[in-house]
Amino acid sequence: MVFAGSLRANSASCAKQLRSSHTRALHTTAPRPSQSLGTQIAARLASPRQFSTSLVIPARSSPLLSSPRWSGNNKPTPPAPSEPENDAAESSSKSVKLDGADDESPAGSSAQSSPPPSSSSGGDSSDGSDPPPPSPQPTPTPSSIAKQSVPEVYPQVLALPIARRPLFPGFYKAVVVRNPAVVAAIKEMMKRGQPYLGAFLLKDEHTDSDVITDINSVHPVGVFAQITSVFAANSGTGDDKEEGLTAVLYPHRRIKITELIKAGEHTSTAKVQEEPQTVTPPPTPTEGDVAKIPQGPVQTSFLHKHSISIVQVDNLVTQPYNKDDQYIRAFMSEIVSVFKDIAQLNPLFRDQITNFSINQVASNVFDEPDKLADFAAAVSSGEVGELQDVLESLIVDDRLRKALLVLKKELINAQLQSKLSRDVDSKIAKRQREYYLMEQLKGIKKELGMESDGKDKLIEKFKERAASLKMPEGVRKVFDEELNKLMGLEPAASEANVTRNYLEWLTQIPWGQHTPENYSITHAQKVLDEDHYGLKDVKDRILEFLAVGKLRGTVQGKIICLVGPPGVGKTSIGKSIARALNRQFFRFSVGGLTDVAEIKGHRRTYVGALPGKIIQALKRVGTENPLVLIDEVDKIGRGINGDPASALLEMLDPEQNNGFLDHYMDVPVDLSRVLFVCTANNLDTIPAPLLDRMEVLEVSGYVSEEKCVIAEKYLGPQAKEASGLKDTDIVLEPSTVDVLIKYYCRESGVRNLKKHIDKIYRKAALKLILDLGESVFPEPVPPASTSAPAPSSSADPQPKTVESQEPPANEPNEVKSEENTSNESSDRKTVTTQERQPLQIPDDIHVRITPENLKDYVGPPVYHKDRMYVAPPPPGVSTGLGYLGNGSGAVMPVEATSMPGKGGLQLTGKLGEVIRESAQIGLSWVKAHAYELGITKTPEEQFLTDRDIHVHMPEGSIGKEGPSAGTAILSAFVSLFTKTKIHPDIAMTGEISLVGQVLPVGGLKEKILAAHRAGIKTILAPAANRADIEENVPESVKTGIRFVYVEDVREVLHEVFRGQDIVERWKDTLSL
């Protein structure tokens, strides 16, 4: 390593740079030299050439005692020859002089001379702490600097605790002292000419103090430091005293505490500079802040009168070493190499190395390995513990090793920072480069006429779209305004994106475009028969609807609502209507919808705003006269974002939808040509204003015969083809379908029947493969692996692979087959675009699915029997007919019994509120007519005063609700009290009033179907339902059933108990 002071050509520039450091802030680590000098110094670090100091620069003469005191056997680097007097004068005006105003101080002359070297440094001397041998020195002349010695033995010193970082010999450090006692002691020390103290690192890095109250609170090893200059840290306003003192310390050697002679009083805290130590002293403050310290006698007893910490110390001497030792030189070479690497990454380190080179007085850095280690630790930002270990190391190779560790961490940190900086710079540069190239490319294409501006092209596209549309006048005006706005906006502006999206929607609505409609009744009838079997009433109503449209030329103003249980084909009917009319079809569901914006759209001010569903439908279908199916309209919700059901009114009302205003479009859209078809399962939950605008068509369901035909014509072939058995001789016999309908699928719809038929064919396909084996149905050859080259093909030239996401087998870790192990080793899966072809099934396969083997395909029957009582039941049991929630009917027995009690009525069987009221009405009517019924002997006799009545309807897990069980409950009461049995072949339905009238009920088609399935011979129904039964119930269902229409419960009782003895008495008391 070479030193900057060895080059004459650079001496003047170095001096100027170092002089400029006096004007910088105190806490800066080192002045930054010019780039050329730093590069030179870094380059010289690895150079084997050695130079020696040969310049002697004259300086002002001064008395011996007033000159700076230096220790060691090395001479300070002389200052630059240019303007020495001015530099000295400037320095003296800004720093505190140790001995006089006209003398050079270490702080003032640090730019011109090297700092005092550490007394523990080795070199050729085995004991660095001994004072240098006396040598004849001439009297100071203007051409030389007198040296002032630092006491080698200083047993008692003021102990100043240092926080966050230890100090190292030979490197300046600025500290701030707040404790008034310590401040006063330092000032007095400066006055007496004894500016020496001991600096020791606090063990707790979060504590900051100016005094030591416990010897264990600091590390025992510290440094013996000289105060080179002091000045006020914070000056008060007016006559206020200064709050603290900033002292610049120059450590000379290592010391160790042996005894705490006097513990200080902890009255204040000290704030210590956190920056690493510097080679050059920090710049001094302005002239007004400098404390003038006169000379004083040499003694330390005066310190005891201050409330400070005083410790007994011993000097620590670096153990002797051989500078030519192989390990020491290797460590030093590595440290120099790491310095060079860090200097290339961190400019701050480059400045520190430059200053260290300038102030180094040895001819070669390898002559002072201990000082190199201290320099490495002083300028690095390592951990406090690691830095203290370097300070406490007295063995040179151990100190070098620890310093190298700290420096290596600094290098890693610098490399990481450099990498992050490069990554960010590269990304920014790449984006800038792409931007400039794209702009140049646009300009070139525009000049060559290859491509016009993007905005111009977009505007031209909107104009072409608008020209092909038949926009209303108001919409055309809005379009022109928005287009002009887009022309004046920059493409990168956010408003331009909003306007462009609005114009996209405005030009994609099919203004004036519609499909020609087909009102042919023959065609419509053919389409409806192809898609649906049965549903005669629904088909007739649709044909009537189309006939009116054929005569009027339009079907405007009609909203159809298809109501029925699930699975009866409501959605498919809507599709059939669209096919019959040759209209586009669009379906959306409003089940659970709670946001009005789904119907009316969002405001354009919102991010991601979209029009409502109907505008999206018009864009999708491309015509203004589609058929829009609104599914599950009875399940529409209502939330905090409004009531969507109310928003549907404007969209569906024929009087309003010719000017439907969407929030996003904000222009009137004509929806009068749209045919709306709604579907629902229940009318009760549809809001009354919305239901009032609909024309309701009830789709009640299918009878068994209709289900059998549907299964044969539609469901069976579809399931057979979906299971891959299209051309296979697999027959599902009609008797099997009949059993499937009676004992597995009693719902009104055919969705559950379709599921069971699909299950039958899937099971048949599985049995087919299991019986014939894999030899008849082999797996196709997989694509060739990447190792074997496949023949060239235009469709898939070479198989591709993707990363395998196959889950591991659910097996214990210790049980693994070889196959699983091989599968785990391959972490790639082959992918292909080739479609797999269906396999050919042999022609000799014949499968028959009969009622006998149906259980093997779909399991045991769900419904075991149609009625509970085949033989005559005991008194108190009647048979009623009910309508279940799934759209099917059921035969429901009603059981009644009595027990001792207080005349109460108990109801069980998961009965609803209405059916409970029917039981109360029936019991009240029986009590009121007990004498006429023959239950009591006189009209005044009390009845049921000591008996409780219990009514139960079996299958308690199924909820039962409705008024249609009134006649059955009343008949059960009469049977119980008269002890007369009711024949099980008689079933009844109808609501009763308190005076005994029988009122009409609904669901008769399903109820009669259930009675037909159960073998009921006689059905009692309300007379008001006679027309409904004769018109809507198929003759095939009514075959074998005698219908009795009644208007009063007396007629019910005479019919139910026909042939019994009690009826003869009723002829007199309970006449019809």
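Worth saying up front: this structure is predicted, and the values here are computed from it rather than measured.

1. Observations concerning the overall build of the protein
Here comes step 1: Counting its regular elements, the protein contains 31 helices and 26 strands.
Here comes step 2: The buried share of the protein, reckoned over its 1072 residues, is 48%.
Here comes step 3: Put simply, of all contacts in the protein between residues at least 6 apart along the chain, 80% involve residues at least 24 apart.
Here comes step 4: Element-wise, carbon and sulfur atoms account for 51% of the exposed surface of the protein, whose accessible area totals about 52,600 Å².

2. Focus on the confidence of the model for the protein
Here comes step 1: Considering every residue of the protein, the mean pLDDT works out to 76; 76% of them sit at 70 or more.
Here comes step 2: For residues 235-241, every residue scores under 50 in pLDDT, and the model assigns this stretch three contacts once sequence neighbours within four places are set aside.
Here comes step 3: A low-confidence stretch, residues 284-298 (pLDDT under 50), is modelled with 40 contacts involving residues beyond four sequence positions or located in other chains.

3. Section: the pairing of strand β3 (residues 196-201)
Here comes step 1: Of all six residues in β3, six are buried; the element is thus mostly enclosed.
Here comes step 2: Two strands pair when backbone bridges link them, and strand β1 (residues 156-162) and β3 are joined in this way by five bridges, in the parallel orientation. Residue pairing in the sheet places Ala159 in a bridge with Gly198 of β3.
Here comes step 3: Where β3 lies against strand β4 (residues 221-232), four bridges are found, and the strand directions are antiparallel. Note on β4: the bridge partner recorded for Leu197 is Ala225.

4. Here we look at the side chain of Ser918
Here comes step 1: Here Ser918 shows up in helix α25 (residues 913-928).
Here comes step 2: In this structure Ser918 touches Pro963, Gly966 and Ile992, once residues within four positions along its chain are discounted.

5. Let's talk about unusual backbone geometry
Here comes step 1: For Arg164, which is not glycine, the phi torsion reads 75° and is therefore positive.
Here comes step 2: Within the secondary structure, Arg164 is located in the loop between β1 and β2 (173-177).
Here comes step 3: We classify Arg164 as partly exposed; its relative accessible area is 29%.
Here comes step 4: Positive phi values are uncommon outside glycine, yet Leu535 reaches one of about 50°.
Here comes step 5: With respect to the helices, strands and loops of the structure, Leu535 is situated in the loop between α13 (521-531) and α14 (536-552).
Here comes step 6: Classification of Leu535 as buried rests on a relative accessible area of 9%.

6. A closer look at the sheet that holds strand β7 (residues 559-563)
Here comes step 1: With parallel pairing, five strands are arranged side by side in an open sheet as β8-β9-β12-β7-β13. This sheet does not close on itself; its edge strands, each paired only once, are β8 (585-589) and β13 (695-698). Adjacent strand axes in the sheet meet at a mean angle of 20° when their direction is disregarded.
Here comes step 2: Judged from the four bridges that link them, β7 and β13 form a sheet pairing that is parallel. Opposite Ile560, over in β13, you have Glu695 as the bridge partner.
Here comes step 3: Strands β8, β9 (627-631) and β12 (675-680) of the sheet are contacted by helix α17 (residues 613-621), whose axis makes an angle of about 150° with β8.

7. Quick word on α14
Here comes step 1: Between its first and last C-alpha, α14 extends 24 Å over 17 residues, near the 24 Å set by a 1.5 Å rise per residue.
Here comes step 2: Of all the residues in α14, the buried ones are Val538, Lys539, Ile542, Leu543, Phe545, Leu546 and Gly549. Each buried residue of α14 lies within a common arc of 160° when the element is viewed along its axis, so the set occupies one face. Exposed side of α14, more than 90 degrees from the buried face: Lys536, Leu551 and Arg552 are the residues found there.
Here comes step 3: Immediately downstream of α14, the backbone of Gly553 shows phi near 85°, a positive value.

8. Some remarks on the packing of α13 against helix α15 (residues 570-581)
Here comes step 1: Packing of α13 against α15 leaves a shortest axis separation of 9 Å and a crossing angle of 150°. Between α13 and α15, the interaxial angle falls into the category roughly antiparallel. Here α13 and α15 pass one another in a crossing that is right-handed. Two secondary-structure elements touch here, α13 through His523, Ala524, Val527, Leu528, Glu530 and Asp531 and α15 through Ser576, Arg579 and Ala580.
Here comes step 2: Of the residues contributing to the contact of α13 with α15, the split by class is four nonpolar, two polar and three charged.

Thresholds, definitions, all that
In every chain, residue numbers begin from 1 and rise along the written sequence. Local features in this predicted model are restricted to residues whose pLDDT is 70 or higher, and side-chain atom pairs enter the listing and the counts only when it is 80 or higher, whereas totals over whole chains, interfaces and linings include all residues. Side-chain metrics rest on all non-hydrogen atoms present in the structure, leaving aside hydrogens and water. Helix numbers and strand numbers start at the N terminus; a helix is a DSSP run of H or I with at least 4 residues, a strand a run of E with at least 2. Exposure categories follow from relative accessible area, calculated using a 1.4 Å probe and restricted to protein chains: below 20% of the type maximum is buried, above 50% is exposed, and the middle band is partly exposed. What makes two residues a contact is simply this: any of their non-hydrogen atoms within 4.5 Å. Accessibility throughout is a Shrake-Rupley quantity obtained with a 1.4 Å probe, and a residue counts as covered only by protein chains that appear here. Per residue, pLDDT captures the predictor's confidence, and it can take any value from 0 to 100. We call two strands paired when DSSP finds no fewer than two bridges between them. Note on geometry: axes are lines fitted to C-alpha atoms, helical ones only across the stretch in contact, with angles between N-to-C directions running from 0 to 180 degrees. In a helix, the anticipated span is given by 1.5 Å times the number of residues less one. By definition, the arc is the one covered by directions from the helix axis to the C-beta atoms. Orientation labels follow simple angle bins: below 35 degrees gives roughly parallel, above 145 gives roughly antiparallel, 65 to 115 gives roughly perpendicular, and whatever is left gives oblique. For any pair of crossing helices, the crossing counts as left-handed if the nearer helix is rotated counterclockwise from the farther one by less than a right angle, and right-handed if it is rotated clockwise. We call Asp, Glu, Lys and Arg charged. Ala, Val, Leu, Ile, Met, Phe, Trp, Tyr, Cys and Pro are nonpolar, and the rest, Gly among them, are polar.

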